[in-house]
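A structural walkthrough
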Amino acid sequence: ACCHCNGGNTVLKSKRFCLVSEPDILDMAVYFDHKIESPPNSGAAVDLAWHGRHTVLAVSSRIERANGDVEGCVNLYLDEGEHIEDTSLQRAHAVTTLSWHPTRKILACGWGNGEITVWNDHDHQLHEVLTTHHSAVLGLHWHPNGNKLISLDEGGVCDVWKVDAKGRLQSVPLMQYQKPGALTNCVLRPIRIVGAMTAEDLSMAAKLAVAGDEAALDLFMWGAKPKGKLGSQKLAGSGPVSDSLSFFFGGSTGVVYQSDDRGNCTDVLTAAGPVKALLYDEEKNLLVTVTINMMLYQLSVSADNVTTLLTEFKLSGKAPLYHVIQASTGCLATCSNEKVIRVWDLVRDDNYVLDLAGLTDADKSQVVHSIAYSKTKGILAGGTSGGHVVMWQYKGGASQPGQKRIEGSDKWEKLASSKVDGGVSMLKWGANKNLIAVQTDKGVQILNENVMNLHYQQQVAAVQVAPGHLSVESMSIGAVQDLKTDIHIKGLFVTKDHVTVWNGKKVVIYELQPLVRVAGMFSCESTTVVVSESNLYSVEGDVVHVRNFQGIIKQSLNFTEVEGVPLLLDICKSFLVVGTFNGYIKLWDISLRAAKPHYTAKCMADLIDNFAGLVSVRCNCSGTRISVLANQVERGKAVSSPCLYIWDADVDTLLSFDFSTASDKSQRTHDLADTTTGREDLVRDVRDRYPVSHYWDGSDPRLLICETRRLDVQTVKASRTDGQQDGAGALPADVVIVSLFATPESGILLHDSIPLDQKHTSLIGVDVPYLYYCKKVAHVDDQTSSQSPPPLDNSIGLPSLSQSALPSPTVRHMVARQTMRDFAGLEDSDVGAKTAMIDFSYFLTIGNMDEAFKAIKLIKSESVWENMARMCVKTKRLDVACVCLGNMGHARGAKALREAMKEPEVDAQVAMLALQLGMKNEAEQLYKSCGRFDLLNELYQGQDNWAESVHVAETNDRVHLRTTYYNFAQHSEASGDFGTAINAYERSDTYRTEVPRLLYDEPADLEAYVMKSKDRSLRRWWAQYLESTGDMDSALQFYDAAQDYVSLVRVLCYCGRMDQAAEVAIDSGDRAAAYHLARQFENVDNIKDAIHYYSKAQCLTNAIKLAKEHHLDHELMNLALQGTEDEMLDVARYYESQPGTVDKAVLLYHKGGDVARALMLSFKAKQFSALQMMAGDLNEHTDPELLDRCAQFFLEHEQYEKAVDLLVKAKKHFEALDLCMSHNVQITEDVAERLTLPKPSKEQAAESDYRTRLLERVAECCSVQGSYHLATKKFTQAGNKMKAMKALLKSRDTEKIIFFTNVSRQREIYIMAANFLQQQEWRKDPEVMKHIISFYTKGKSLDSLASFYDACALVEVDDYQNYDKALGALNEALKCMTKAKMKNPVEQESKVAFLKQRILLLKKFVQARLLYDEQPDEAVKQCQLLLDEPDLETAVRVGDVYGFMVVHYAREQNYRQSYSLMEELRRRVPNVNMAYFVNMRVIEAVHHALDIPLGRGMGAEQSHDDVEDVEEEIEDEVEEDLSDGENGTGY
């Protein structure tokens, strides 16, 4: 196993699994360049080809001989440029194309003479193919399964070859096509099979799973499905690729052809120019064709290989086109010898460019010659003519919720560029996602991506900016030095005076002061090295060697087999901590000459659940606590643990802090949200994260700083078991720096959090009061060093450095520092002040205010108290803030805070504190978080930030929107910005008064504003102003524009233009204008016009007054009818006093509501027509005498209905009823209801008796008139249900009778209802029959019920011949008669005996019929005996007995006996209808059999031919007659 630990970026590899914890930001990557070790005389490279799965690079070269001959050569290389021996292929012709087998190390090569050779690197065999090509092979393309190979040549030949497992091609191609022109491009259309993975895919997945690939591990879990990408290769989509072949090819003619495995070849496109590229989008089934003259075509391909042209357009850019590739989903990238790369988003129909901005040493003539895209990394690389490899990372168009969608070039983030020797002509990404091959005019180089190494310690920081290039910065003096070495740096470590670098094979130590020189250099195969003073500690195998700077081993630190091999090292002060492969951590004290164990080794694997290996270990300055980052096993795979573990060696206890929940898992402390007010925001900022690096402060053993990143969405959801939800507001930062305190007493305490600035890549160290970060490349500031760096001393006897190691006069600050929030203002303080502040922060975090103030009581600096007050804004400790403000002498702030504490929201109170301290941004966020947008609005106004103030008012504080605009207007007015002020006054709806005031001294501007405005009130004000100046004509125009008609009429009258005023009053319909005009006419004694306009103004009182004064009676009547009731009565009194106008007075009294006065005048003046008209308006409140008098009047005129109505209103109810009876006035339901008095209370007995008598009288009258339902209702209201039932029976409404009976529940009513229903057609309605039985039963009239059952029995016998049901009915009748309690017992006994006798006879006949099926003769014998019974007719019809016997003998074909019985029946029952008892067919059969003609009424005679048919039907008829009838009712 091997490990290196550099600046917190740890890579741990083992044989069991691969645990990788590397930064997500690609700015932290550097590319090591490896020149390929080309064999001698191999020529200039012309083409590159990486294998799709193995890290093998094929390079084809062109060798030009002195005689002008051109030869070709192919060589294979490993990832660091090492040439693979015995792999050089050479021919006397140029190499034209290379193509690797999809899975195996088999390389197909095309040559200029048409040859194809296949190199099998597994067997080291070369297979030559006798091809049909006679010109240069321009393309070789493997089927995804590797069993077919497609070759294209310059002569237009396309061959499809069968290939075996060793790469040998068959002698004859499977298919061959000859097309015009050269064929240059081909693209296959994979046809996938939904199902299991192929064997090779499984083999590949197994290898990757062993290497620790997450997707591969998921694949081999039980029931799991692969997620995402598997290593550098995506698993076989939705299934393996079928052996079926479908591909497209084209070339110089511009024609694109489609071929399938059946040999069908069709033209699908004719492009305008030679084909430059063919690309196939498998996800959307799209074929993209691009020509060399920049034309693009998109064709859709259906499942049955039918193509349809979707779009075609010309690409912008410079022709001819150099390269076209697919870059991200749905995007094409092109380069054509320009200074930009053009990107075409085919999905969104968008295009944009990526420029070369940011190249520090590139001139303006540099252009892009080649491009390549890594699908697995999402990186687009471009090679320039100046030797730069520029890269962009694809961020995608998707955005976080609440953020604007990313568009255009913003989808790509610029990364650091790499410099190579010579101009770039070709780029190819390797199978390993970290490799890219670069072909230049000086050779081929392989760039290998490595994590940027960086380290900080003791005020010195070093950052790797290139494979052999460091930027070393001394933070104490601000000096920056560029340090270049001859090795590719794979690790570095800095101390105060030294920088140590290594590459896994060699270690070099540089001394920084006083001269930069090589202090030591030696060979050492180690990837993990740390340095302390003059000692160097390196992990070498299973031992940690202690060496001096010359490489001499001074001591060896050994580890047992149980502890495992050492992997991780860290030094802090005088303590060395080592983490092993088996999860042990060991601590040594290195302060002495020899390192000594400080504590016994501790196994983290035993203490951490689901432990999967150590990632990083750190030790504090006192050697008492060791912090650990680890991996854990989750769903069968190793993932980064969200927990930070701290082993407290003094008490031998493991503490842990879970960043996914922001809680101390060791349960040493309470929940953070409950510790201190305002901690909820801190918990929300820290929650749902995992730590990636951690650093102890160099002076305080309690303070620990962690860099954390957000968990993915699925992990967050899985961890939310308590229903937690993120609060509203801005999205959480991706990277947050978290400070913690760790003590044995309180556990791990969350102190503070700071989001990582977007200009920084990661945290590299902490040294109170600063945090140190590495900058992103795009934000590195170039500046001239303020002081000359110390010279480089190379006086020691070691290999000399190159001159490039000298620092450049222009330096780049790669490291930034940020003051910790608690220490703002203490940057230059002494150690005591810093220690006191750390103590204060710690005690404040645990809530111990007494100790917190005790820690800082000796601090007198006002800036320190101010800084602590600023801390209170973060912690929301207002009690501490009050003390801090007091020590600051900030009286105004203390007063403002006391007043703000009246606010109900804590955040609003803290926001006021922030404002007093000048923390405006924090105040804004606090106001937003607590929803106090009104206070936020006031804040923006106080800052003169009117844009934000208006925005807040419009979106969240609309109640103060107008006030905000008014204040903004006043501010603009004071600033002299009258235009903005006027606009704001308009929005505040105060412009009607404020704008005239503002422009009062500028009449022209005011008039222009009024003319432009359409506000009526403003125009009216301007008209009034003009009127006051005497400009009446202009005033009239503005009054008219303002539609102020009353003012318009007023001015016209003032000017004597009465006619125009009248027109305005009439046209406008304005009542006020009409009133003003009427007053003017009245003043000039124009009474008629005055009355007319008073009427228009609806001021009828004034008009009536004038009409009465001037005796205009005709107009007066019209005015009165338009007026109110009071006005009508007033005019009516006037007419009453005038002779000859009584009719008008009567009418107006009536209209005015004084009907009594109108009636009196009518009687007095004998106005009978008016009397009839007014009668309908009389009511019960009218004088009874008047009502009676009116009733008598209608009686005299034989208008009886009106008389009845008035008598009812006069409450003469019985007189009204007598009148109805005597003159046959129909009592309607309305009249009946009016005659129904309200139900009196129990105490009003007289009224109750009167009401009952009245209701019965009404009911009797209704009954006489045939209104039976109304009569029933009134009898019921009177409480006389018997009479109500009798009235209802007369209506013969069966449904209502049944309903009323069920509601009444009286015995007599039940019996009455049953008797009534028995008279109805109950035989046809079973429901009625059920009601009869039910009513007799409820009425306890069993004798009547018995009679009903007896009647039912007769119906069953007479109508249906159903003796079984008749017997059941008689049995029920017998039961009822037996239970009945008749008044005459003798009569009851007689009826019982009679029923029993009938039942006995009926039962004998039924039994005989039942016996017939088994003993027909016995049944007939019983029937003969039954005929001798004297009272047989009381129960059984004689004809049925004889009919039974006739049918029997007919069945026995004893027709003579049947005929004899029929004759006997005729004698016994004269005039009997034989067909009623015997089926007609039986009768006819008997007569035909005896040759006796049928008598009258016996049916028509039949021919002899029909006799046989009739006889055959006799049996069926007999069976029907003998069967039980199915008609009738069940009992």
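Scoring rules and cut-offs
- Residues numbered from 1 in each chain as written.
- Predicted model: local features only at pLDDT ≥ 70, side-chain atom pairs only at ≥ 80, totals over all residues.
- Heavy atoms only, no water.
- Helix = DSSP H or I, 4+ residues; strand = E, 2+ residues; numbered from the N terminus.
- Buried < 20%, exposed > 50% of the residue type's maximum accessible area, 1.4 Å probe, protein only.
- Contact = heavy atoms within 4.5 Å.
- Areas by Shrake-Rupley, 256 points an atom, 1.4 Å probe, with all protein chains shown as cover.
- Axes fitted to C-alpha atoms, helices over the stretch in contact; angles between N-to-C directions.
- Parallel < 35°, antiparallel > 145°, perpendicular 65-115°, else oblique.
- Left-handed = near helix turned anticlockwise from the far one by under 90°.
- Nonpolar A, V, L, I, M, F, W, Y, C, P; charged D, E, K, R; others polar.
- Pairing = 2+ DSSP bridges.
- pLDDT = per-residue confidence, 0-100.
- Arc of directions from axis to C-beta.
- Phe/Tyr/Trp six-rings, centres within 6.5 Å; stacked < 30°, edge-to-face > 60°.
- Lys NZ or Arg CZ within 6 Å of the ring centre and 35° of its normal.
- Disulfide = S-S within 2.5 Å.

Re the overall build of the protein
Within the protein one finds 50 helices and 68 strands. A buried classification covers 50% of the 1531 residues belonging to the protein. Sequence-distant contacts, at least 24 apart, represent 49% of the contacts inside the protein between residues at least 6 apart. Counting every atom, the protein has about 71,300 Å² of accessible surface; 48% of that belongs to carbon and sulfur.

Focus on the environment of valine 157
Among the structural elements, valine 157 can be located in strand β15 (residues 157–162). It is 6.9 Å that separates the C-alpha atoms of valine 157 and histidine 133, two residues lying 24 residues apart in sequence. Those residues in contact with valine 157 that lie beyond four places of it in its chain are Thr132, His133, Ser151, Leu152, Gln176, Tyr177, Gln178 and Leu183.

Re the packing of helix α36 (residues 1245–1264) against helix α37 (residues 1268–1278)
Packing of α36 against α37 brings their axes to within 8 Å, and their N-to-C directions diverge by 165°. Classified by the angle their axes make, α36 and α37 are roughly antiparallel. Crossing geometry of α36 relative to α37 is assigned as left-handed. Contact residues: α36 offers Arg1251, Thr1252, Leu1255, Glu1256, Val1258, Ala1259, Glu1260, Cys1262 and Ser1263, while α37 offers Tyr1268, Leu1270, Ala1271, Lys1274, Phe1275, Gln1277 and Ala1278. Looking at the contact of α36 with α37, its residues break down into nine nonpolar, three polar and four charged.

Some words on the sheet that holds strand β9 (residues 95–100)
The antiparallel open sheet is built from four strands, whose spatial order is β9-β10-β11-β12. Looking at the sheet topology across the chains shown, the edges are occupied by β9 and β12 (125–129). In this sheet, adjacent strand axes meet at a mean angle of 20° when their direction is disregarded. In this structure, strand β11 (residues 116–120) lies alongside β12, joined through five bridges in antiparallel fashion. By the bridge assignment for β12, tryptophan 119 is matched with leucine 126.

Some points on the confidence of the model for the protein
With 83% of its residues at a pLDDT of 70 or more, the protein has an overall mean of 80. The secondary structure element of the protein with the lowest average pLDDT is strand β3 (residues 18–21), at 32, and the one with the highest is strand β50 (residues 575–580), at 95. Considering only residues more than four positions removed or in separate chains, one finds that residues 782–809, a stretch of pLDDT under 50, has 52 contacts. Below pLDDT 50 for its whole length, residues 1517–1529 participates in 29 contacts with residues either more than four positions away or in separate chains.

What to know about helix α10 (residues 878–888)
Burial in α10 covers these residues: Leu878, Val880, Ala881, Cys884, Leu885 and Met888. Down the axis, α10 shows its buried residues gathered within 145° of arc, on one side only. Buried residues belonging to α10 abut α7 (831–846), α8 (849–856), α9 (862–875), α11 (891–900) and α12 (906–916). Immediately downstream of α10, the backbone of glycine 889 shows phi near 75°, a positive value.

Overview of unusual backbone geometry
Cis geometry marks the peptide bond from valine 768 to proline 769; its omega dihedral reads 15°. Residue placement: proline 769 occurs in the loop between β63 (760–767) and β64 (770–775). Phi angles above zero are rare outside glycine, and asparagine 305 is one such case at about 65°. Structurally, the position occupied by asparagine 305 is in the loop between β23 (295–301) and β24 (307–314). Of the residues examined, asparagine 305 reaches a relative accessible area of 23% and is grouped as partly exposed. In this model, aspartate 944 sits at a positive phi of 60°, which is unusual for a non-glycine residue. If you trace the backbone, aspartate 944 turns up in the loop between α14 (933–942) and α15 (946–955).

Describing the packing of aromatic side chains
All chains considered together, the criterion is met by 28 aromatic pairs. Seen from their ring centres, tyrosine 599 and tryptophan 647 are 6.2 Å apart, and the 75° between their planes marks the pair as edge-to-face. Here the residue tyrosine 599 occupies a position in strand β52 (residues 596–603), and tryptophan 647 occupies one in strand β56 (residues 643–648), the gap between them amounting to 48 residues. Taking relative accessible area as the criterion, tryptophan 647 reaches 3% and is therefore assigned buried. Pairing tryptophan 1022 with tyrosine 1025 gives two aromatic rings, centres 5.0 Å apart and planes at 25°, and the pair type is stacked. Remark: tyrosine 1025 and tryptophan 1022 occur in helix α20 (residues 1016–1028); sequence separation between them is three residues, near one turn of the helix. Of the residues examined, tryptophan 1022 reaches a relative accessible area of 3% and is grouped as buried. One aromatic cluster is present, formed by Tyr177, Phe247, Phe249 and Tyr257 through successive ring pairs. Positioned over the ring face of tyrosine 842 is arginine 702, at 5.0 Å from the centre of the ring. We note arginine 817 situated over the ring of tyrosine 770; from NZ or CZ to the ring centre the distance is 4.0 Å.

Focus on helix α26 (residues 1100–1109)
For α26, the complete set of buried residues consists of Leu1100, Ala1103, Ile1104, Leu1106 and Ala1107. Each buried residue of α26 lies within a common arc of 165° when the element is viewed along its axis, so the set occupies one face. Where α26 is buried, its residues contact α24 (1071–1083), α25 (1087–1096), α27 (1113–1122) and α28 (1125–1137). With its phi angle positive at about 50°, histidine 1111 sits one or two positions after the end of α26.

Concerning the state of the cysteines
For the coordinates displayed, the defined rule picks out zero disulfides. Of the cysteine sulfurs around cysteine 884, a residue in no disulfide, the closest is that of cysteine 872, at 4.6 Å.

Considering the sheet that holds strand β35 (residues 435–440)
Taken together, four strands build an open sheet; the order of strands is β4-β36-β35-β34 and the sheet is antiparallel. Looking at strand neighbours, the two that pair on one side only are β4 (29–35) and β34 (424–429), the edges of this open sheet. Strand-to-strand twist across the sheet, computed as the mean angle between neighbouring axes with direction ignored, equals 25°. The pairing of β34 with β35 spans five bridges and is classified as antiparallel. Within β35, the position partnered with valine 424 by the bridge is threonine 440.

Quick word on the side chain of asparagine 147
One can find asparagine 147 in the loop between β13 (137–142) and β14 (148–153). Accessibility expressed as a relative area gives 13% for asparagine 147, which makes it buried. The contacts of asparagine 147, once residues within four sequence positions are left out, are Trp161, Lys162, Val163 and Asp243.

Here's the deal with the environment of glutamate 1389
Inspection of the secondary structure puts glutamate 1389 in helix α44 (residues 1385–1411). Judged by its relative accessible area of 58%, glutamate 1389 falls in the exposed class.

Points about the pairing of strand β54 (residues 625–634)
Here β54 lies mainly inside the structure; eight of its 10 residues are buried. Of the pairings in the sheet, the one linking strand β53 (residues 611–619) to β54 comprises six bridges and is antiparallel in character. Of the residues in β54, the one forming a bridge with arginine 618 is serine 627. Taking the residues that link successive antiparallel strands as the turn, the β53-β54 hairpin has five residues, and the phi of glycine 623 there is positive, at about 70°. Two strands pair when backbone bridges link them, and β54 and β56 are joined in this way by four bridges, in the antiparallel orientation. Residue pairing for β56: arginine 625 is matched across the bridge by aspartate 648. Where β54 lies against strand β55 (residues 637–640), four bridges are found, and the strand directions are antiparallel. Looking at β55, one finds that asparagine 631 is bridged to serine 640. Between β54 and β55, which pair antiparallel one after the other, the connecting turn spans two residues, and arginine 635 there sits at a positive phi close to 55°.

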